[in-house]
Amino acid sequence: AIQIMIGGFYVLMWYFLLILYMAQIEGVFGIYEPITFRTASFLWGITFIISGVLVIGATRHPSLQLIVYALVMNILSAIVAVASGILIIIELSEFNSISYRNFGQAKVGRQVSRILMTFYPLEFCIALTYSIFSCISL
């Protein structure tokens, strides 16, 4: 259930960033478009939602097929969490100069990325734990 909440939070934050970055005004140095926004890595949170739904389904109606699907999605969720974490680290480590018109949007967007960065290790640990217990139940 927590995977569904974290995934939903990621998707809502990406929607917030979409609204934030679409409102930018073309400045002297262009617009601010971080790598996580261009790759839509926050939409990868859908994998966390699907993984959580499959874990709940496998818990309520245990079958070999559902357990295998939940295991595969949890492994994919762990990979997505690591990849998204790496992208956010790259984004936060480099900050090219931008127009002063878009500085406010860039600052808020980077703060959202910092907040989301705290949740990626949590999602990785949850997905890894579910994967281990799925392997044990097989």
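The residue numbering used here restarts from 1 in each chain and proceeds along that chain's sequence as written. Reporting of local features is limited, given that this is a predicted model, to residues whose pLDDT is at least 70; pairs of side-chain atoms are given and counted only at 80 or more, and all residues count toward the totals for whole chains, interfaces and linings. The side-chain numbers reported here are obtained from all heavy atoms of the structure, hydrogens and water having been left aside.

Engineer: With reference to specific residues and values, describe a nonpolar patch on the surface.
Structural biologist: On the surface, L64, V68, Y69, V72 and L138 cluster together into a nonpolar patch covering about 470 Å² of accessible area. Under the scheme used here, helices are H or I runs from DSSP no shorter than 4 residues and strands are E runs no shorter than 2 residues, and both carry numbers assigned from the N terminus. On the secondary structure map, L64 appears in helix 4 (residues 64–93). For patch building, the residue pool is restricted to those with more than 30% relative accessible area and no salt bridge; the joining distance is 9 Å between like charges and 5 Å between nonpolar side chains (Val, Leu, Ile, Met, Phe, Trp, Tyr). Note on areas: these come from Shrake-Rupley sampling with a 1.4 Å probe, and a residue is covered only by the protein chains present in the view. Salt bridge, as used here: a side-chain nitrogen of Lys or Arg that lies within 4 Å of a carboxyl oxygen of Asp or Glu.

Engineer: Would you mind going over the nonpolar core in detail, with residue names and values included?
Structural biologist: Here the nonpolar core consists of buried residues drawn from Ala, Val, Leu, Ile, Met, Phe, Trp, Tyr and Cys, with membership extended through side-chain atoms lying within 4.5 Å. Exposed residues in this analysis have more than 50% of their type's maximum accessible area, buried residues have under 20%, and partly exposed residues fall in between, with area computed by a 1.4 Å probe over protein chains only. Core analysis: the biggest nonpolar cluster contains 17 residues, and Y10, L17, F48, L116 and Y120 have the highest contact counts within it. Of all the elements in the fold, those that place two or more residues in this core are helix 1 (2–22), helix 4 and helix 5 (103–137). Sorting elements by how many residues they give to this core places helix 1 first, with seven residues. Of all hydrophobic cores here, the second largest spans six residues; its members include L54, V55, A70 and M73.

Engineer: Pulling in residues and values, what's your account of the packing of helix 1 against helix 3 (residues 45–60)?
Structural biologist: Helix-helix packing is characterised by the crossing angle of the two axes and by the distance between the axes. The angle between two axes is taken between their N-to-C directions and runs from 0 to 180 degrees, where each axis is a line fitted to C-alpha atoms and a helix contributes only its stretch in contact. Remark: helix 1 packs on helix 3, axes separated minimally by 7 Å, with the N-to-C direction vectors making an angle of 160°. In terms of their interaxial angle, helix 1 and helix 3 are classed as roughly antiparallel. Our pair here, helix 1 against helix 3, has a crossing hand that is left-handed. Listed contacts from helix 3 to Q3, I4, G7, G8, Y10 and V11 of helix 1 are G45, I46, F48, I49, S51, G52, V53, V55 and I56. An angle below 35 degrees is read as roughly parallel, one above 145 as roughly antiparallel, one from 65 to 115 as roughly perpendicular, and any other as oblique. Should the near helix be turned anticlockwise from the far one by less than a right angle, the crossing is left-handed, and should it be turned clockwise, the crossing is right-handed. Every residue pair with non-hydrogen atoms within 4.5 Å of one another is taken to be in contact.

Engineer: Could you give me a rundown of the side chain of S77, with the residues and numbers involved?
Structural biologist: Counting through the fold element by element, S77 comes out in helix 4. Classification of S77 as buried rests on a relative accessible area of 0%. Within the structure, S77 has its side chain in polar contact with the backbone oxygen of T47 (distance 3.4 Å). Each polar contact in these results corresponds to two N or O atoms within 3.5 Å; when the atoms are within protein, one needs to be able to donate a hydrogen and the other to accept it, and residues that are neighboring in sequence are counted only if both atoms are side-chain atoms.

Engineer: Lay out the UniProt feature "transmembrane region" (unreviewed entry) in the protein with the relevant residues and their values.
Structural biologist: UniProt positions are given in the numbering used here, feature names are shortened, and annotations may be inferred rather than shown by experiment. Under the present numbering, the feature "transmembrane region" (unreviewed entry) in UniProt falls on residues 12–32, 39–60, 66–90 and 111–133. Secondary structure over residues 66–90 splits into 100% helix and 0% strand, and the C-alpha atoms at its two ends are 36 Å apart. Along residues 111–133 the backbone is 100% helical and 0% strand, and the end-to-end C-alpha distance reaches 35 Å.

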